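Listed below, chain by chain, are the residues.
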Amino acid sequence: MSARFRVVIIGAGYAGVMAANRLAGSKQLPESLTVTIVNPVADFLERIRLHEVAAGSRASAAVPMRSVLNQRADVIADSVLKIDPINRQVYFSSGRAPLSYDALLYSVGSTQAAKAPVGAYGLQDAESAGRLRARLSQLEEGARVSIIGGGLTSIELSAEIAERYPGLQVRLVSRGVIADTLSHSGRHAVRKRLSALGVEMMDNTDVQACDSSSVRTSGGDTLTSDCTIWAAGFGAPALARDSGLPTDAEGRLMVDESLSCPQYADIFGAGDAVRIPDSVAGHLRMSCAAALPLGAHAADSILARLQKQAPAPLSAGYVLKCISLGRKSGLIQTVTADDRPRSLVVRGRLGGLAKEQICRMTLGWIRGELRRSGSYKWAKGPLPTAAR
Ligand SMILES: Cc1cc2nc3c(=O)[nH]c(=O)nc-3n(C[C@H](O)[C@H](O)[C@H](O)COP(=O)(O)OP(=O)(O)OC[C@H]3O[C@@H](n4cnc5c(N)ncnc54)[C@H](O)[C@@H]3O)c2cc1C
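Within any chain, residue numbers begin from 1 and follow the written order of that chain's sequence. Where local features are concerned, this predicted model is filtered to residues with pLDDT of at least 70; where side-chain atom pairs are given and counted, the filter is 80 or more; whole-chain, interface and lining totals use all residues. Heavy atoms throughout the structure, all of them, feed into the side-chain values; hydrogens and water do not.

S.K.: An account of the overall build of the protein chain is requested, with residue identities and associated values reported.
M.R.: Helical segments are the DSSP runs of H or I of at least four residues, strand segments are the runs of E of at least two, and each set is numbered from the N terminus. On a plain count of helices and strands, the protein chain comes out with 9 helices and 24 strands. In terms of overall dimensions, the protein chain is globule-like: its C-alpha atoms have a radius of gyration of 21 Å, near the 21 Å expected for 388 residues. Its C-alpha atoms put the protein chain at 65 × 45 × 40 Å along the principal axes. Buried positions account for 54% of the 388 residues belonging to the protein chain. Taking all contacts inside the protein chain whose residues are at least 6 apart in sequence as the whole, residues at least 24 apart take part in 63%. Positive charge is attributed to Lys and Arg, negative charge to Asp and Glu, and no charge count is given to His or to the chain ends. Here the site of a charge means atom NZ of a Lys, CZ of an Arg, CG of an Asp or CD of a Glu. For the protein chain, the distance from the average position of its 46 positive side-chain charges to the average position of its 35 negative side-chain charges is 6 Å. Only C-alpha atoms enter the radius of gyration, while the globule expectation follows 2.2 Å times N to the 0.38, with N the number of residues. Burial status follows relative accessibility: with a 1.4 Å probe on protein chains alone, a residue under 20% of its type maximum counts as buried, one over 50% as exposed, and anything between as partly exposed. Only heavy atoms enter the contact rule, under which two residues are in contact if any of them lie within 4.5 Å.

Printed below as a string of structure tokens:
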């Protein structure tokens, strides 16, 4: 190991920036620790607001990186092309000189799902949100917009588009039942609001393919669609797989219960891009609500490793599901630590105000960690499966 201890973080999203702040501000660290975060652009993207950008309710979801990131952390605006885990170096798309690390955090988030039909618009990053925004603004009165997916992102997007473009015919198409992860009253409230906005809901309909003017279902129906959007889940970036690191079938980096990679002890992972054993994370879905605690926990595991201590296993759980239903309404669904709905929901305008506050709090938690490392606390998970 060199005299300095160099932590390199790939991906400045919710997990990566939370980890960078926790590490860079840590009081337990020797002065020689350096933290470098690599991200394609020098802005932080509030990804949870991309449906607002796509629909045109918000100009941008970008926040200046320095307003959320500890000054002690260096930023490299570039993409990592490859990780060399043997020589502990990362290589860049731009061709700049490779960077060496003593500990690496893999937090590259998620991307368009491989199963998304060719020709469908996506909502995975700023570029795809920009393309969708441009397409929606070109559509004529009465044009059909089909959103594929019955989960929270699809619901938020369909409500946002229907509210912003009342002249468009918005259709939500789900393989299962729309909003099926909510309680009975939560699902009822969401569907009532979508109906009021004029969103047509098609449950139990599997989309097989689409082109610029139609959607084809597995039942053999062809539906007119002037803009089809895939919002039924995300995929994993190929970086870990391309670098020869252990991945699951979707390409997510395999890590252990402490978020370190069993084959390479100096590589850690957090956020959407990693696969954590079900024993501690079977209940976690790709979400900002999980990425923040995962980033904080990964930082703690790196600090433990630096101090030659065994990193602790992850414990992280949910408290709420928060859904915007346009700018004037929303739904807060209380949930158990393992994400099952409880009976209490907050709906309507109050639900919308609460959702907006929670979106602001995500940046608040990251900035809180910037001001005082270790300040971010999160809800613990259910008991590990082995202990139940
Ligand atoms: C419209 C929408 C609404 C959502 N709403 C919610 C919500 O209400 N609640 C919730 O919990 N979750 C929500 N999510 C999900 C949430 O945004 C993600 O789960 C979360 O962003 C994951 O955080 P992350 O840190 O893992 O990745 P990200 O936030 O995606 O950050 C990953 C970063 O890594 C960078 N990167 C990727 N590849 C490389 C590379 N090779 N080199 C360098 N950098 C790289 C990316 O550019 C990005 O900046 C929503 C998502 C969308 C799209």
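Moving on from the model shown.
S.K.: Describe the pairing of strand β23 (residues 330–335), naming the residues involved and giving the relevant values.
M.R.: Judged by how many residues are buried, β23 sits mostly within the fold: 6 of 6 residues are covered. Covered by surrounding structure in β23 are Gly330, Ile332 and Thr334 together with Leu331, Gln333 and Val335, the residues of both alternating faces. Inspection of the sheet shows strand β22 (residues 320–324) paired to β23 by 5 bridges, in the antiparallel sense. The partner of Lys321 across the bridge, within β23, is Gln333. Where β22 folds back onto β23 in an antiparallel hairpin, the turn is made up of 5 residues, including Gly326, whose phi is positive at roughly 85°. In this analysis, strands are considered paired if DSSP registers two or more bridges between them. Relative to strand β24 (residues 341–346), β23 runs antiparallel, the two being bridged by 3 bridges. Its bridge partner being in β24, Gln333 is matched across the sheet by Val345.

S.K.: Talk me through the packing of helix α1 (residues 14–24) against helix α9 (residues 348–371); I want residue IDs and the actual numbers.
M.R.: Think of each axis as a best-fit line through the C-alpha atoms, taken over the contacting stretch in the case of a helix, with angles from 0 to 180 degrees between the N-to-C directions. With their axes 7 Å apart at the nearest point, α1 and α9 run at an angle of 25° to one another. By the angle between their directions, the pair α1 and α9 is classed as roughly parallel. In this structure, α1 meets α9 at a crossing whose hand is left-handed. Together, Tyr14, Val17, Met18, Asn21 and Arg22 of α1 and Thr362, Trp365, Ile366, Glu369 and Leu370 of α9 make up the contact between the two elements. Each residue is assigned to one of three groups, with Ala, Val, Leu, Ile, Met, Phe, Trp, Tyr, Cys and Pro labelled nonpolar, Asp, Glu, Lys and Arg labelled charged, and all others, Gly among them, labelled polar. Taken together, the residues of the contact of α1 with α9 break down into 6 nonpolar, 2 polar and 2 charged. Roughly parallel means an angle under 35 degrees; roughly antiparallel means over 145; roughly perpendicular covers 65 to 115; every other angle is labelled oblique. Each crossing gets its handedness from the near helix: less than a right angle anticlockwise from the far helix is left-handed, clockwise is right-handed.

S.K.: Give me the lowdown on the pattern of salt bridges, citing residues and values where you can.
M.R.: The term salt bridge refers to a pairing of a side-chain nitrogen on Lys or Arg with a carboxyl oxygen on Asp or Glu at a separation within 4 Å. Under the counting rule described, the total for this entry stands at 27 salt bridges. Counted as one network, the salt bridges with shared partners bring together Glu46, Arg49, Glu52, Arg58, Glu160, Arg327, Glu356 and Arg360.

S.K.: Hey, could you go over the site of the ligand for me, with residue numbers and the actual values?
M.R.: Proximity criterion: a residue is near a molecule or strand once any of its heavy atoms comes within 4 Å of it. Neighbouring residues of the ligand: 33 residues in total, closest Ala15, Asn39, Val80, Asp272 and Lys355. By the criterion applied in these results, polar contacts are pairs of N or O atoms within 3.5 Å in which, for protein atoms, one can donate a hydrogen and the other can accept it, and in which residues neighboring in sequence qualify only through two side-chain atoms. Here Asn39 contributes a side-chain N or O atom positioned 2.8 Å from an oxygen atom of the ligand. The contact in question runs from a nitrogen atom of the ligand to an N or O atom on the backbone of Val80, over 2.9 Å. All accessible areas in this document rest on Shrake-Rupley with a 1.4 Å probe, and a residue is counted as covered only by the protein chains that are shown. Within the complex, 86% of the 1000 Å² of free accessible area of the ligand lies under protein. Considering each element in turn, the shell around the ligand owes the most residues, 3 residues, to helix α8 (residues 288–306). When its residues are assigned to classes, the shell around the ligand shows 18 nonpolar, 10 polar and 5 charged.

S.K.: Any chance you could break down unusual backbone geometry for me, citing the residues and the numbers?
M.R.: In this structure, Arg88 is a non-glycine residue whose phi angle is positive, near 55°. Along the chain, Arg88 falls in the loop between β6 (80–84) and β7 (89–92). Despite not being glycine, Leu259 shows a phi value in the positive range, around 80°. Checked against the element boundaries, Leu259 lands in the loop between β19 (253–254) and β20 (267–269). Residue Leu259 is classed as buried on the basis of its relative accessible area of 0%.

S.K.: Describe the sheet that holds strand β11 (residues 144–148), naming the residues involved and giving the relevant values.
M.R.: One open sheet holds the 4 strands; their spatial order is β13-β12-β11-β17, and the pairing between them is parallel. Only two strands of the sheet have a single neighbouring strand rather than two, namely β13 (200–202) and β17 (227–230). For this sheet, the mean inter-axis angle between neighbouring strands, taken without regard to orientation, is 20°.

S.K.: Let's hear about the nonpolar core: which residues, and what values?
M.R.: Take the buried Ala, Val, Leu, Ile, Met, Phe, Trp, Tyr and Cys residues and link them wherever side-chain atoms come within 4.5 Å; each set so joined is a nonpolar core. If you look at the biggest cluster of nonpolar residues, it comprises 70 residues, and the most contacted ones within it are Ile9, Val17, Phe44, Ile83, Val90, Leu253 and Ile276. For this core, the element with the most residues is α8, which contributes 11 residues. Look past the residues within four positions of Ile9 in its chain and what remains in contact with it is Gly16, Ala19, Ala20, Leu23, Val35, Thr36, Ile37, Val38, Leu105 and Ser107. Ranked by size, the runner-up nonpolar core spans 39 residues in total, among them Ala129, Leu136, Ile229 and Val345.

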